[in-house]
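Summary of structural features
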Amino acid sequence: MIPLALAVLVGTLCLQLSSDLPSPLVCGWLVALAMFLAWWPRTRLFAACLAGYVWAAGYADQRLAADLPVGLEGQDLTLQGAVVSLPEIDGRATRFVFAAQSLRAESQWQAFRHTIRLSWYDAPVLQAGQGWRLNVRLKRRHGFHNPGGFDYEGWLLQNGIAATGYVRNSDMTHAWPAADAADVLLHLRTAVDRRLQTALDGVSQPGLLRALTLGVDDGIPAAQWAVFRATGTGHLVAISGMHISLVAGLGFAAMRWLWSRSARLTNVLAAPRAAAIAALLLATLYSVLAGFGIPTQRAWIMVSVLLSGVMLGRPTRPAHNLALALLAVILFDPFAVLSPGFWLSFVAVAIIFARLSPRRATDRGTPRTMSSPTFTTVLPTITQGLAARVAHVGSETRELVRLQWALSLGLLPLTLLFFGQLGWIAPFANLLAVPWTTLLLMPLVFAGLFVLYPLPALAHLLFALAGWAAERMDALLTALAGLPGSMLGMPELPAWVYGAAFVGVGLLLLLPRGTPYRGLGWLALVPLATWTPPRPEAGTAWFTLLDVGQGLAAVVQTREHTLVFDTGPRFSADFDTGTAVLVPFLAAQGIRHVDTLVVSHGDNDHRGGAVSLAARLPVYRLSTSVPQYFDWRYSNRCTAEQHWTWDGVRFRMLHPPAERTADENDSSCVLQIETGDGERLLLTGDIEAAAERALVSRYGDVLRSRLLVVPHHGSRTSSTAAFIHAVAPQEVLIPAGYRNRYGFPHPTVAARYRAFGARLWRTGTSGAVHVHLGETGPTAFPVAERRRDPRYWHSAVAVPPER
């Protein structure tokens, strides 16, 4: 079973890492080959690998076939369907998942079955399971595409969401009655949520308790999420394996004790089997209340497989059960291998099983003796018993510390691979927070949930106690997160470094102490700590125009310095591109500080991420045309003719002049970068025709630059013909969002650049654009991130460059 499950895993992973899906003809040939190879024992594992590949390909093809038709993007549509998630409220916006059932076209309703993620500003009170008729505007799956960033498109695909959009206006038909089991469960979640919020009134940490009960985490503040990330304890909040297993374990223990009290019941059904059935029912109910999301589904399958052996009365090895659970999860959802939680869950359980197996063997081999107590032996027995109990507690504590150390070491390569962060405080935080959560906080939450309807006053008291426990845990984690260097951003590492780390961890965890080659494991981990990312040579610069949607953010790296030009937009109090894009990108490049931050002007789509960037990385100097927006000691106003040189690369501010214009766009900082061999790049902010004329008049041919970041995202009020001729760009980079509401770049502007013979690169379709200035060879030309790191679900929008 173990080799079979691993072979299927390898095949599934190969498909998910592919840039294109195989054709149906290729899949047919692979199925025939797998069936042929399955006849011979020596080739059956390869057949299983092919089977996993084909199964994942078919599943992905079916999911992609449900995508929103291209012709419906950006159109005003009237849809009829139902809300299928608990709404998440963020300020004025309400976000929810909508299962569309029909579409009105030419006064006729036609079938339209797509799952859509919608935003609705100033929405009425929404409830899961409600039926609505909505006027919406949609676009296909799309997200930022940057090194080190979150793959939002992949996340949407994993969750079966075909499109995103927003509600323009609507009319409510009234909530439709529940038509099937799914609707009944949605109404159940809604009813429990309403009752739960009443019980949480006046309780500490209501957002955290609601997340632990229903899996809805929109009530957790951004600052608290930052603490969870810094301490590596976010898994305690997301309902997954630990929570489902705890529910099942408590249910199993309680039912086994109750069932074994009755001889009549045990004659009908053995207590362990009855306990396993009750545990599975409780785990299923809790999973349904938590929304049965992908992590919950995975955990439920794992628990179900482990309990099935008890229900069937068949003793099995833990490793066998784990392999069977792995196979079941992959067959149920091949996209699970894209989730970090999938790998962290299975590897963590495997480490726990591996650590506990030797201990169980030792316990089984320990002889036990019994003797009848007498008066002369009572006192010594009590004394020895207390000493033994103290020694037992100490032994259990040492074993817990060893297990936490093994988990931290074993999950280290995966943590760096998925999150790019290394926190030395995480093992200590988990050593304290996991027992506190599992032994105190979660039992109180479950008890409160159990009596929520019959005894609401008692439920309020239990949740108040749970809130107190959560408050104490939050205070501890906040203190730990405040320690210096609690979380370090790590650069993107090459594949060989990760490979060596996995080998090293395997040697350290699997080989017993004293084994001659075990010490090589520490040697294999050395590259994790010593590898440094490459940097530009002196006189050259690396430029990246980041994909931040409708906004601008760019990074310039020289040999020893880093400049950030604009920081993209701020979308809400808890989300901006400084945190979501810039900080992960800089961490992936191994950059620990910013030497100069230039904020070209005051529009939100240029300065929105500046504060969060400075909160997470040291920024040594700020240069901006709008210093009134920043109360920073190390800021200055950008002005024409400011200049400096870093590592043989010259930076020259060309605009604005000392005398200010009333138009804020035309007061944008304009920066020209020139490498040692004379190659130039021009960054223009949001200047428009008036500022362009002033630049052409003042500088003339000095403006000539091979690469140009277009003024004002390609609006028709900029990029005049005279300016284009003066700059004479060969590569034109356009920071414009995918299907942005302004229609940038304007068609006439794009045509103007094409007529000049320039190539156009749009971040909305290219993702981040990279170019190495002052170098020769392929790196001297722009490279689109969607081409550099392709996946089959990205191909729908990857169309760079444009001529």
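See the structure shown above.
Notes on the structure follow.

Thresholds applied
Residues numbered from 1 in each chain as written. Predicted model: local features only at pLDDT ≥ 70, side-chain atom pairs only at ≥ 80, totals over all residues. Heavy atoms only, no water. Helix = DSSP H or I, 4+ residues; strand = E, 2+ residues; numbered from the N terminus. Rg over C-alpha atoms; globule rule 2.2 N^0.38 Å. Buried < 20%, exposed > 50% of the residue type's maximum accessible area, 1.4 Å probe, protein only. Contact = heavy atoms within 4.5 Å. Areas by Shrake-Rupley, 256 points an atom, 1.4 Å probe, with all protein chains shown as cover. Lys, Arg positive; Asp, Glu negative; His and termini not counted. Charge placed at Lys NZ, Arg CZ, Asp CG, Glu CD. Salt bridge = Lys/Arg side-chain N within 4 Å of Asp/Glu carboxyl O. Pairing = 2+ DSSP bridges. Axes fitted to C-alpha atoms, helices over the stretch in contact; angles between N-to-C directions. Parallel < 35°, antiparallel > 145°, perpendicular 65-115°, else oblique. Nonpolar A, V, L, I, M, F, W, Y, C, P; charged D, E, K, R; others polar. Phe/Tyr/Trp six-rings, centres within 6.5 Å; stacked < 30°, edge-to-face > 60°. Lys NZ or Arg CZ within 6 Å of the ring centre and 35° of its normal. Core = buried A, V, L, I, M, F, W, Y, C linked by side-chain atoms within 4.5 Å. Expected span 1.5 Å × (residues − 1). Disulfide = S-S within 2.5 Å. Arc of directions from axis to C-beta. Right-handed = clockwise from strand over helix to strand, strands pointing away. Patch = residues over 30% accessible without salt bridge, like charges linked within 9 Å, V, L, I, M, F, W, Y side chains within 5 Å. Left-handed = near helix turned anticlockwise from the far one by under 90°.

Of regular secondary structure, the protein chain possesses 26 helices and 25 strands. What you see for the protein chain is a C-alpha radius of gyration of 30 Å, in line with the 28 Å of a compact globule of 803 residues. Expressed as lengths along the three principal axes of its C-alpha atoms, the size of the protein chain is roughly 105 × 70 × 65 Å. Going through the 803 residues of the protein chain one by one, you find that 49% of them count as buried. Contacts spanning at least 24 positions in sequence make up 68% of the contacts within the protein chain whose residues lie at least 6 apart. When the accessible area of the protein chain is evaluated, it comes to approximately 37,700 Å², of which 62% is carbon and sulfur surface. Between the averaged position of the 66 positive side-chain charges in the protein chain and that of its 53 negative side-chain charges there is a distance of 10 Å.

Right, let's talk about the pattern of salt bridges for a bit. This structure, assessed with the given rule, holds 15 salt bridges. Between glutamate 674 and arginine 680 there is a salt bridge, with its nearest N and O atoms 3.7 Å apart. One salt-bridge network, held together by shared partners, links Asp76, Arg137 and Arg168.

Once that is clear, we can look at the sheet that holds strand β15 (residues 622-624). Across the sheet, which stays open at both edges, the eight strands sit in the order β16-β15-β14-β11-β10-β9-β24-β25 with mixed pairing between neighbours. Edge positions in the sheet fall to β16 (635-637) and β25 (783-784), since each of these pairs with one other strand and no more. Two strands pair when backbone bridges link them, and strand β10 (residues 553-557) and strand β11 (residues 562-567) are joined in this way by five bridges, in the antiparallel orientation. Bridge pairing in β11 places valine 556 opposite leucine 563. Strands in contact with helix α19 (residues 577-588) are β9 (541-545), β10, β11 and β24 (769-773); relative to β11, the strand with the most contacts, it is inclined by about 160 degrees.

Another point: the packing of helix α10 (residues 271-289) against helix α11 (residues 294-312). Where α10 meets α11, the closest approach of the two axes is 9 Å, and the angle between their N-to-C directions is 170 degrees. Our classification of the angle between α10 and α11 gives roughly antiparallel. Each of Pro272, Arg273, Ala276, Ile277, Ala279, Leu280, Ala283, Thr284 and Ser287 in α10 lies in contact with α11, whose residues at this interface are Thr296, Trp300, Val303, Ser304, Leu307, Val310, Met311 and Leu312. In terms of residue class, the contact of α10 with α11 is made up of 12 nonpolar, four polar and one charged.

Quick look at the packing of aromatic side chains now. Aromatic rings considered in pairs are described by the distance between their centres and by the relative angle of their planes. A complete count under the given rule lists 24 aromatic pairs for this structure. With 5.9 Å between their ring centres and 10 degrees between their planes, tyrosine 152 and tryptophan 155 make a pair best called stacked. Of this pair, tyrosine 152 and tryptophan 155 both sit in helix α4 (residues 152-158), separated by three residues, roughly a single helical turn. The exposure class assigned to tryptophan 155 is partly exposed, which follows from its relative accessible area of 30%. Above the face of the tryptophan 644 ring, arginine 621 is positioned so that its terminal group lies 4.8 Å from the ring centre. Lying over the aromatic face of phenylalanine 781, arginine 706 brings its terminal NZ or CZ to 5.9 Å of the ring centre.

Turning our attention to the side chain of aspartate 605. Here aspartate 605 lies in helix α20 (residues 604-607). This buried residue, aspartate 605, is left without a salt bridge; arginine 607 holds the nearest opposite charge, at 8.3 Å. Each residue touching aspartate 605, except ones within four places of it in the same chain, is listed here: Gln550, Gly551, Leu552, Gly568, Pro569, Asp686 and His713.

In space, the seven strands of this open sheet follow the order β17-β18-β19-β20-β21-β22-β23, with mixed pairing throughout. Of all the strands in the sheet, just β17 (643-646) and β23 (759-762) have a single pairing partner and so form its edges. Direction aside, the axes of adjacent strands within the sheet are offset by 20 degrees on average. Bridging between strand β22 (residues 731-734) and β23 involves four bridges; their strand directions are parallel. By the bridge assignment for β23, isoleucine 734 is matched with arginine 762. The sheet strands contacting helix α22 (residues 689-699) are β18 (649-655) and β19 (670-674), and the helix crosses β18 at an angle near 120 degrees.

Here the focus is the nonpolar core. Leu208, Leu209, Leu441, Leu452 and Phe463 are the most contacted members of the largest nonpolar core, which totals 58 residues. Those elements that provide at least two residues to this core are α5 (181-199), α6 (206-214), α7 (222-231), α8 (241-260), α10, α11, α15 (426-450) and α16 (456-481). Counting residues per element, this core draws most heavily on α16, at 10 residues. Phe651, Leu671, Leu681 and Leu683 belong to the second-largest nonpolar core, a separate cluster that totals 28 residues.

Within the element layout of this structure, arginine 298 appears in helix α11. The side chain of arginine 298 sits in the buried core without any salt bridge; aspartate 333 is the nearest counter-charge, 6.8 Å away. Beyond its immediate chain neighbours, meaning those up to four positions away, arginine 298 contacts Val329, Ser339, Gly341, Phe342, Ser345 and Phe346.

With that settled, the discussion passes to the pairing of strand β4 (residues 108-121). Successive side chains on a regular strand alternate, one facing one side of the sheet and the next facing the other. The pairing of strand β3 (residues 93-105) with β4 spans 12 bridges and is antiparallel. Its bridge partner lying in β4, alanine 99 is registered against threonine 115. Two successive antiparallel strands, β3 and β4, enclose a turn made up of two residues, where glutamate 106 displays a positive phi of approximately 55 degrees.

Right, let's get into helix α12 (residues 318-332). For α12, spanning 15 residues, the distance from its first C-alpha to its last is 21 Å, which sits close to the expected 21 Å at 1.5 Å a residue. Listing the buried residues of α12 in full gives Asn321, Leu322, Ala323, Ala325, Leu326, Leu327, Val329 and Ile330.

With that out of the way, let us pick up the state of the cysteines. In protein chemistry, a disulfide is the covalent bond that joins the sulfur atoms of two cysteines. With the rule as written, the count across this model stands at one disulfide. One disulfide bridge connects cysteine 638 with cysteine 669, the sulfur atoms lying 2.0 Å from each other. One disulfide, between cysteine 638 and cysteine 669, carries an S-S torsion of -80 degrees and so falls in the left-handed class. Of the two residues, cysteine 638 is situated in the loop between β16 and β17 and cysteine 669 in the loop between β18 and β19; the sequence distance between them amounts to 31 residues.

Moving on, we get to α22. For α22, the set of buried residues is Ala689, Ala691, Glu692, Leu695 and Tyr699. The arc enclosing the buried residues of α22, seen along the axis, measures out at 160 degrees, which places them on a common side. Relative to its buried face, α22 has exposed residues pointing more than 90 degrees away, namely Arg693 and Ser697. Elements in contact with the buried residues of α22: β18, β19 and α23 (721-727). Glycine 700 lies just past α22 and shows a positive phi near 55 degrees.

With that settled, consider the pairing of β22. Burial of the side chains of β22 extends over both faces: Glu731 and Leu733 are buried on one face and Val732 and Ile734 on the other. In this view, the connection linking strand β21 (residues 707-709) to its parallel neighbour β22 by way of α23 has right-handed handedness. Regarding the hand of the β-α-β motif, the stretch spanning β22, helix α24 (residues 747-756) and β23 is right-handed.

Bringing a nonpolar patch on the surface into the picture now. A contiguous nonpolar surface patch, about 610 Å² in accessible area, is contributed by Leu33, Phe36, Trp39, Trp40 and Phe46. Within the secondary structure, phenylalanine 36 is located in helix α2 (residues 24-37). You can call phenylalanine 36 partly exposed: its relative accessible area is 47%.

Two elements in contact, α8 and α11, have axes whose closest approach is 8 Å; the angle formed by their N-to-C orientations is 35 degrees. Considering the relative orientation of α8 and α11, their crossing is right-handed. The residues of α11 that touch α8, namely those facing Gly241, Ile244, Ser245, Ala248 and Phe252, are Thr296, Ala299, Trp300, Val303, Leu307 and Val310. Grouping the amino acids of the contact of α8 with α11 by side-chain chemistry returns eight nonpolar, three polar and no charged.

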